[in-house]
Amino acid sequence: MTALIETIALSKTFTLHGRGGLQLPVFSGIDLSVQAGECLALTGHSGSGKSSLLRCLYGNYGASSGDVRIRHLGDWVSLSSAAPREVFDVRRRTLGYVSQFLRVIPRVSTLDIVADPLRRLGVSAEEARAQAAQWLKRLNLHEHLWHLPPATFSGGEQQRVNIAHGMITAPPVLLLDEPTASLDADNRRVVVDLIHAARAQGSAVVGIFHDDEVREAVATRCFDVEQHRQPI
Amino acid sequence: MKPSVLLSARQVGKAFVHQGQPRWACRDVSFDLYPGEVLAVVGESGSGKSTLLRLLAARLACDEGSVHYDVRAESENESAGLVDLAELSEARLRWLARTDWGFVEQHARDGLRMNVSGGANVGERLMALGARHYGNLRSEAVSWMQRVELDTGRIDDLPATYSGGMQQRLQIARNLVTHPRLVFMDEPTTGLDVSVQARLLDLLRELVDELQLAAVVVTHDLAVARLLAQRMLVMKDGCVVEQGLTDRVLDDPQHPYTQLLVSSVLTP
Amino acid sequence: MMDQHYNFAFLDERTKKRIRRALLKAVAVPGYQVPFGSREMPFAYGWGTGGVQITASIIGLSDVLKVIDQGADDTTNAVNIRRFFARTTGVTTTEKTREATLIQTRHRIPEVPLTAAQILVYQVPMPEPMSRLEPSRRETIKMHALSEYGLMHVRLYEDIAQLGAISRAYDYPVMVNERYLMSPSPIPKFDNPKMHMNPALQLFGAGREKRLYAIPPYTAVRSLDFEDHPFEVQRWDHACALCGATESYLDEMIVDDAGSRLFVCSDSDYCEERRDTGHVGTQQAVTLHDALATPADVITPSQQEAA
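Residues numbered from 1 in each chain as written. Chains lettered and ligands numbered in written order. Predicted model: local features only at pLDDT ≥ 70, side-chain atom pairs only at ≥ 80, totals over all residues.

Caption draft 1: Broad picture of the overall build of chain A. Secondary structure summary: chain A contains seven helices and nine strands in total. A compact globule built from 232 residues would reach a C-alpha radius of gyration of about 17 Å, and chain A, at 18 Å, matches this within 12%. The buried share of chain A, reckoned over its 232 residues, is 41%. In chain A, the proportion of contacts linking residues at least 24 apart, taken out of those at least 6 apart, comes to 72%. (Helix = DSSP H or I, 4+ residues; strand = E, 2+ residues; numbered from the N terminus. Rg over C-alpha atoms; globule rule 2.2 N^0.38 Å. Buried ≥ 20, exposed ≤ 12 C-beta atoms within 10 Å, placed from the backbone. Contact = placed C-beta atoms within 7 Å.)

Caption draft 2: Region of the structure containing the overall build of chain B. Helix and strand content of chain B: ten helices and ten strands. Against the globule reference of 18 Å for 268 residues, chain B gives a C-alpha radius of gyration of 19 Å, in line with a compact fold. Dimensions of chain B, computed from C-alpha atoms along their principal axes, come out at roughly 55 × 50 × 50 Å. Sorting the 268 residues of chain B into buried and exposed places 46% on the buried side. In chain B, the proportion of contacts linking residues at least 24 apart, taken out of those at least 6 apart, comes to 63%.

Caption draft 3: Broad picture of the interface of chain B and chain A. Counting from both sides, the interface comprises 18 residues of chain B and, opposite them, twelve residues of chain A. For the side of chain B that touches chain A, the elements supplying multiple residues, two or more each, are helix H7 (194-211), strand E10 (239-245), helix H9 (246-251) and helix H10 (256-264) of chain B. A total of four residues in the side of chain B that touches chain A trace back to one element, the largest contributor, which is H10(B). Residues that form the side of chain B that touches chain A fall into these classes: six nonpolar, five polar and seven charged. (Nonpolar A, V, L, I, M, F, W, Y, C, P; charged D, E, K, R; others polar.)

Caption draft 4: The arrangement of the sheet that holds strand E2 (residues 22-35) of chain A in detail. All names here are of chain A. Pairing in this open sheet of four strands is antiparallel, and the strands run E2-E1-E4-E5 from one edge to the other. The two strands at the open ends of the sheet, each matched to only one other strand, are E2 and strand E5 (75-78). Neighbour to neighbour, the strand axes of the sheet diverge by 25° on average, direction disregarded. Relative to E5, strand E4 (residues 65-72) runs antiparallel, the two sharing four bridges. Residue pairing for E5: Arg69 is matched across the bridge by Ser78. (Pairing = 2+ DSSP bridges. Axes fitted to C-alpha atoms, helices over the stretch in contact; angles between N-to-C directions.)

Caption draft 5: Representation of the packing of helix H4 (residues 118-128) of chain B against helix H6 (residues 164-176) of chain B in the model. Residue and element names in this part refer to chain B. Where H4 meets H6, the closest approach of the two axes is 7 Å, and the angle between their N-to-C directions is 25°. Between H4 and H6, the crossing angle belongs to the class labelled roughly parallel. In the packing of H4 onto H6, the handedness of the crossing is right-handed. Contact residues: Gly118, Asn121, Val122 and Glu124 in H4; Leu170, Ala173 and Arg174 in H6. (Parallel < 35°, antiparallel > 145°, perpendicular 65-115°, else oblique. Left-handed = near helix turned anticlockwise from the far one by under 90°.)

Caption draft 6: Focus on the interface of chain B and chain C. Of the residues lining the interface, 16 residues belong to chain B; the matching set on chain C comes to 14 residues. When contributions to the side of chain B that touches chain C are tallied by element, the ones reaching two or more residues are helix H2 (90-99), H4 and helix H5 (134-147) of chain B. Broken down by element, the residue count for the side of chain B that touches chain C peaks at six residues, all from H4(B). Here the residues of the side of chain B that touches chain C sort into seven nonpolar, five polar and four charged.

Caption draft 7: Highlighting unusual backbone geometry. Residues and elements named next belong to chain B. A positive phi is found at Ala58, a non-glycine position, where the angle reads about 60°. Its place among the elements puts Ala58 in the loop between helix H1 (49-56) and strand E4 (64-72). Phi at His179 takes a positive value of approximately 55°, unusual for a residue other than glycine. One can find His179 in the loop between H6 and strand E7 (182-186).

Caption draft 8: Expanded view of the nonpolar core. Ranked by internal contacts, the top residues of the largest apolar core, which has 194 residues, are Val41(B), Leu228(B) and Leu212(C). Counting residues per element, this core draws most heavily on helix H5 (residues 150-163) of chain C, at six residues. Leu212(C) has contacts with Ala22(C), Leu23(C), Ala26(C), Val34(C), Phe36(C), Gly50(C), Ile54(C), Leu203(C), Phe204(C), Gly205(C) and Ala206(C), leaving out every residue within four places of it along the chain. Among the nonpolar cores identified, the runner-up in size contains 15 residues, and Leu242(C), Val264(C), Cys265(C) and Val286(C) belong to it. (Core = buried A, V, L, I, M, F, W, Y, C linked by C-beta atoms within 7 Å.)

Caption draft 9: Spotlight on the pairing of strand E5 (residues 119-123) of chain C. Residue and element names in this part refer to chain C. Taken across its five residues, E5 has five buried, putting it largely inside the fold. Side chains Ile119, Val121 and Gln123 project from E5 onto one buried face, and the interleaved Leu120 and Tyr122 project onto a second face that is buried too. Inspection of the sheet shows strand E4 (residues 102-106) paired to E5 by four bridges, in the parallel sense. Bridge pairing in E5 places Leu102 opposite Ile119. Where E5 meets strand E8 (residues 201-206), five bridges bridge the pair, whose relative direction is parallel. Looking at the pairing, Tyr122 lines up with Phe204 of E8.

Caption draft 10: Molecular detail of the environment of Lys14(B). All names here are of chain B. Mapped onto the elements, Lys14 comes out in strand E1 (residues 7-18). Lys14 gets classed as buried once you count the C-beta atoms within 10 Å, which come to 23. C-alpha of Lys14 to C-alpha of Gly130: the two residues are 116 residues apart in sequence and 36 Å apart in space. Residues contacting Lys14, with those up to four places away along its chain left out, are Ala25, Cys26, Thr51, Leu55, Leu60, Cys62 and Asp63.

Caption draft 11: Just the arrangement of the chains, in detail. Contacts are most numerous between chains B and C, taken over all two pairs of chains that touch. As for chain C relative to chain A, no contact occurs, and the smallest C-alpha gap between them is 37 Å.

Caption draft 12: Quick look at helix H4 (residues 125-138) of chain A. Residue and element names in this part refer to chain A. Relative to the 20 Å expected for 14 residues at 1.5 Å per residue, H4 spans 20 Å between its end C-alpha atoms, a close match to the ideal helical length. Check the buried side of H4 and you find it contacts helix H3 (110-120) and helix H5 (155-167). Phi for Asn140, located one or two positions after H4, is positive at around 60°. (Expected span 1.5 Å × (residues − 1).)

Caption draft 13: Geometry of the sheet that holds strand E3 (residues 38-43) of chain B. Residue and element names in this part refer to chain B. An order of E6-E7-E8-E3-E9-E10 is seen for the six strands of this open sheet, with the pairing classed as mixed. The sheet terminates laterally at strand E6 (101-104) and E10, the two strands that pair on one side only. The average angle at which neighbouring strand axes cross in this sheet is 15°, direction not considered. Sheet topology note: the strand E9 (residues 231-236)/E10 ladder contains six bridges and is antiparallel. In the strand pairing of E10, Lys236 is matched with Cys239.

Caption draft 14: View of the pairing of strand E12 (residues 250-254) of chain C. All names here are of chain C. Where E12 meets strand E13 (residues 261-265), five bridges bridge the pair, whose relative direction is antiparallel. The residue of E13 that forms the bridge with Ile254 is Arg261. Between E12 and E13, which pair antiparallel one after the other, the connecting turn spans six residues, and Gly259 there sits at a positive phi close to 90°.

Caption draft 15: The environment of Gln106(B), seen in detail. All names here are of chain B. Tracing the chain through its elements places Gln106 in the loop between E6 and helix H3 (108-111). With 18 C-beta atoms packed within 10 Å, Gln106 lands in the partly exposed category. Along the primary structure Gln106 and Arg23 are separated by 83 residues, whereas in three dimensions their C-alpha atoms are 25 Å apart. Ignoring sequence-local partners within four residues, the contact set of Gln106 consists of Asp186, Glu187, Thr190 and Gly191.

Caption draft 16: Geometry of the environment of Gln167(B). Structurally, the position occupied by Gln167(B) is in helix H6. With residues near it in sequence (within four places) discarded, Gln167(B) still touches Ala108(B), Leu112(B), Pro159(B) and Tyr162(B).

By themselves, these figures tell us nothing about what the structure is for.
Given below as structure tokens:
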């Protein structure tokens, strides 16, 4: 069993310079290690820093202290010290992220948004779109939506686009932020199946699951972020 | 094969003398740019970003530090290694600017020949490099105009008859015809209508992707940076106050000025 | 008889020496514009002061001088300049190309092929071939230095795009020795091929612009073109009305209100020589109707050689 993502004494504190340097501690001293095939659920009340932790794992937020390491192509890459193009390579091939809110390039069709991660891996446009179509079908997104940009979609539809986009390359490490928040029961089940499939393929999954049922269905372990609130 | 650095800025600085005292328009800027990377240089007026761009493109000489570029050796695609631009002859620099570099100006009028047709504008670099077949030049021009989504029926029209957005597209085509590896862009969408800006950004994004261009994009618009660039430099009063991954800098700004910039952006 | 009030050939010896030095530089770098200290001449800029200064600097007592203007020896300009030199040098003058050692010309090259014993001096209004495209002198100097001539090709491309063909009929740009872009002065493009590999020394002088340049004997001179739009010379469907010549550059003169035109050799000496050897033309004007019915052919120089 190999660890695919680790944190070492990870801490995050926001400093709001616009408010006279006000410090907002989020969490501190987090040590995590997630193995291939595991699904770690981050728990804690709203505002406890779960999303922030997930963003730190993606490199979207910088660590205030400590480190985040990803197992990338057989080596450990530290997100804090890696050059931007290295982080990009990690994100392209190893690290997938399904954000809570869809923020994608405007004016690009849903199909192309979902196909894009495959294109970045060198897959042909035709093949990538074909696979994207399959994912969208699986997530019950009607075909007539595929050629539209998702900006006008409902919350649930946007979320499913997000999921397809984040999971289509079957990344070894997968980060999920509230992936079922706006979905109905049927689609929740689809997502649960997808997570199971990812784990079965050997991916390490770290997720925030608002829905207890979903969490119970997918998580192998839980981690309470709230316990790590106090700064050192 | 490990990719090598394409453009390297090392403690680059430029001072202008004002009332006897040097005033540093830009100072101590360092970064390494790799093939295919897009770097946004963001800042407000007076930040030094435009000066930096001109220093990188060797349009101004550095007062401090140096700019290095991976010049292709004359034979095929061999690399001659990183060369200090200050050591290149003017002839070589001008040749570089015409072949391996592009420079998209903020105002298309500064980057186009307004008194010759669109087709002539696109074909000029090729003619400067020795292309002597009219028919081929014309088909190259047509092909590039299609690529930048310009109506090829306007190929013989003067750029003065084009709209602002079309002029910018023509400028882009003119620069890309020699397949440069590095493109400098100075506020490429500023001043255009919002919808025109949006389409132009889409085009730039696609071209950068498709052609694996490296680019340095100067902009005051954070949305442009987010859309086009993987990396970002934030400048204030001639200094780089923050740099890193674009999404990290925009979503988790550390420096007071960056936080101010990010929070100042109006979102509709 | 030479006028004793002036120095030989009007200019002082120092000036002549400086101009000759500039000429040597020009000959050493074919097609390159050499600045020189152009002097005040007893006639205004635009009337051949550059050409006259060059002629004045190199003319010697044993020279035989011919002066032509648009091919003719008998126009006002040609007559005045010839008389000027006769007066200030006492040198023999002639109207026959074959007898001349030194020929000053405005806007034409004689039809009779020149020899290694001859020098042709051209009057040049604007020496910079790219002046209409790039007004900055500083920039054109750089372009010549760095051999950046794309701009001129852009202009030719533009002609073809807008007009279907390169429209320049005179002052057609050439590459000298495959290195410098040069303006051959406003000679018709018909004359361009004559500059190539000419045994005579060709000197060009621009008095107002204060520059001179040269094409040494047997130098390659190539008119600019595109591979698929090659350089062509003009050709007429009519012969000279006076001497019947079909290979010379013809002037077209309207002779009546009905638009009838007379086609006559531009090179007056050439025409006269032909007539003296018995050649006769139709002696008639061509009516407007006939002139329009037979379009002028264009042939390439290589076709011309083969013919």
